[in-house]
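Analysis of the macromolecular model
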Amino acid sequence: MDFSVRSRVDEMMDNPKMELPTLKKAYKDINRCNTLLGGESITIAGVWEIIKVDQKKSYTILDMGCGDGTMLRKLCLFLRKKGIPHQMTGIDLRNDVLQIASQNSTDFPEITFRKMDILKADETFSCDIIINTLTMHHFDEDHIDAFLNQFVKLANVGIVINDLHRSKLSYFLFKIFSFFFIQTHVAKVDGLISISKGFTKKDLYRLANNIPNVTHNIRWKWAFRYLWTMQINQSKAV
């Protein structure tokens, strides 16, 4: 496999015809994987980095590509402990995924879900912070800039992106990890495809260079993730 470029192979879970029970089992596997490897904590750390300077403010947070809502629920629990008021919205393009998210979030009145294409959202849908966890690698290379520019347009305070590092080593190590810790065929296959569609630091810096009026911070995190935080400059164009 050529890791010098991002793969264009579609993941199995991107198939809109996948049956709901299969999808639920795959999400269960993926969530266990992220918990074991500390994936959600990376996004939470990124959000905290942005909001800790003003902990008295009430924050609105948008999760673009929320999946089954696990990330929002864990972030909600974190902010509850910190005593920070917040309202969250998870958006996705799939009704079946949003159905799972809603069913799993009945104890979280702070969180709502809706079907939406973020590229069609106008400024009335603005928020303080946008998070994007393991979703950007699903974007086609030709469309990533459009998504990022929309994030900057809608976010008033900051953006947190947590996605995979594309490398031969991470690909190989995931094969070993999945043998022991992942049960479903879908999660095993999609995990490898996701890595092949991930990013190098060079990729991310190139994307960041196209986004003005934003303070960027890109860091490598275990296990083979990049945390990219953007803090919106107050002087950004409206």
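To be clear, the structure that these remarks concern was listed above.
In short, a report on the structure. (Residues numbered from 1 in each chain as written. Predicted model: local features only at pLDDT ≥ 70, side-chain atom pairs only at ≥ 80, totals over all residues. Heavy atoms only, no water.)

1. Here's the deal with the pattern of salt bridges
Note the cut-off: Salt bridges are counted wherever a side-chain nitrogen of Lys or Arg sits within 4 Å of a carboxyl oxygen of Asp or Glu. A helix here means a DSSP run of H or I that spans at least four residues, while a strand means a run of E at least two residues long, and both kinds are numbered starting from the N terminus. Burial classes follow relative accessibility: with a 1.4 Å probe on protein chains only, a residue under 20% of its type's maximum area counts as buried, one over 50% as exposed, and anything between as partly exposed.
Overall, the coordinates contain 9 salt bridges when judged by the stated rule. Linking Asp203 and Arg166 is a salt bridge whose minimum nitrogen-to-oxygen distance equals 2.9 Å. Taken together, the positions of Asp203 in helix α8 (residues 201-208) and Arg166 in the loop between β5 (155-164) and α6 (168-181) put the pair 37 residues apart, joining distant regions of the chain. Overall, the relative accessible area of 14% leaves Asp203 in the buried class. Salt bridges linked by common partners bring Arg6, Glu141 and Arg206 together as one network.

2. What about the pairing of strand β1 (residues 59-64)?
As a reminder of what qualifies: A pair of strands is treated as paired once DSSP finds two or more bridges between them. Here is how to tell: hold the view so the strands point away, follow the path from the first strand over the helix to the second, and if it runs clockwise the crossover is right-handed.
Of all 6 residues that make up β1, 5 are buried, and the element is covered over most of its length. With 6 bridges joining them, β1 and strand β2 (residues 86-92) adopt parallel strand pairing. For Asp63, the partnering residue across the bridge sits in β2 and is Gly90. The handedness of the β1 to β2 crossover, carried by helix α3 (residues 70-82), is right-handed.

3. Considering a nonpolar patch on the surface
Convention followed: Each patch is built from salt-bridge-free residues with over 30% relative accessible area, joining like charges within 9 Å and nonpolar side chains (Val, Leu, Ile, Met, Phe, Trp, Tyr) within 5 Å. Using a 1.4 Å probe, the Shrake-Rupley method yields the accessible areas, and only the shown protein chains count as cover for residues.
A contiguous nonpolar surface patch, about 1100 Å² in accessible area, is contributed by Leu36, Leu169, Phe172, Leu173, Ile176, Phe179, Phe180, Phe181, Trp220 and Trp222. At 7 residues, α6 tops the list of elements feeding residues into the nonpolar patch. Relative to the helices and strands, Phe180 resides in helix α6.

4. What to know about the nonpolar core
Here is the rule: We define the nonpolar core as a collection of buried residues of types Ala, Val, Leu, Ile, Met, Phe, Trp, Tyr and Cys that are connected through side-chain atoms lying within 4.5 Å of one another.
One finds Met136, Leu148, Ile159, Trp228 and Met230 to be the most contacted residues of the largest nonpolar core, which totals 31 residues. Elements represented by at least two residues in this core include exactly β1, β4 (127-133), α5 (144-154), β5, α8, β6 (214-221) and β7 (225-232). In terms of residue count, the dominant contributor to this core is α5 (6 residues). One finds Cys66, Leu98, Ile111 and Ile131 within the second-largest nonpolar core, a separate group that totals 25 residues.

5. What to know about the side chain of Glu11
Quick note on the threshold: Counting of polar contacts relies on pairs of N or O atoms within 3.5 Å, with two restrictions inside protein: one atom must be capable of donating a hydrogen and the other of accepting it, and residues adjacent in sequence are counted only when both atoms are side-chain atoms. We call two residues contacting when some pair of their heavy atoms lies within 4.5 Å.
When you line up the elements, Glu11 lands in the segment before α1 (20-37). Side chain to side chain, Glu11 and His137 meet in a polar contact 3.0 Å long. In terms of polar contacts, Glu11 uses its side chain to reach the side chain of Ser194, at 2.9 Å. Sequence-distant contacts of Glu11, defined by excluding residues within four places in its chain, comprise His137, His138, Asp190, Ile193, Ser194 and Lys197.

6. Things to note about α3
The cut-off we apply is this: Multiplying 1.5 Å by the residue count of a helix minus one yields the expected span of that helix.
The terminal C-alpha atoms of α3, which comprises 13 residues, lie 19 Å apart, in line with the 18 Å expected from a rise of 1.5 Å per residue. Considered for burial, the residues of α3 that qualify are Thr70, Met71, Leu72, Arg73, Leu75, Cys76 and Leu79. Where α3 ends, the next residue or the one after it, Gly83, has phi of about 70°, a positive value.

That's the geometry; what it means functionally is another story.
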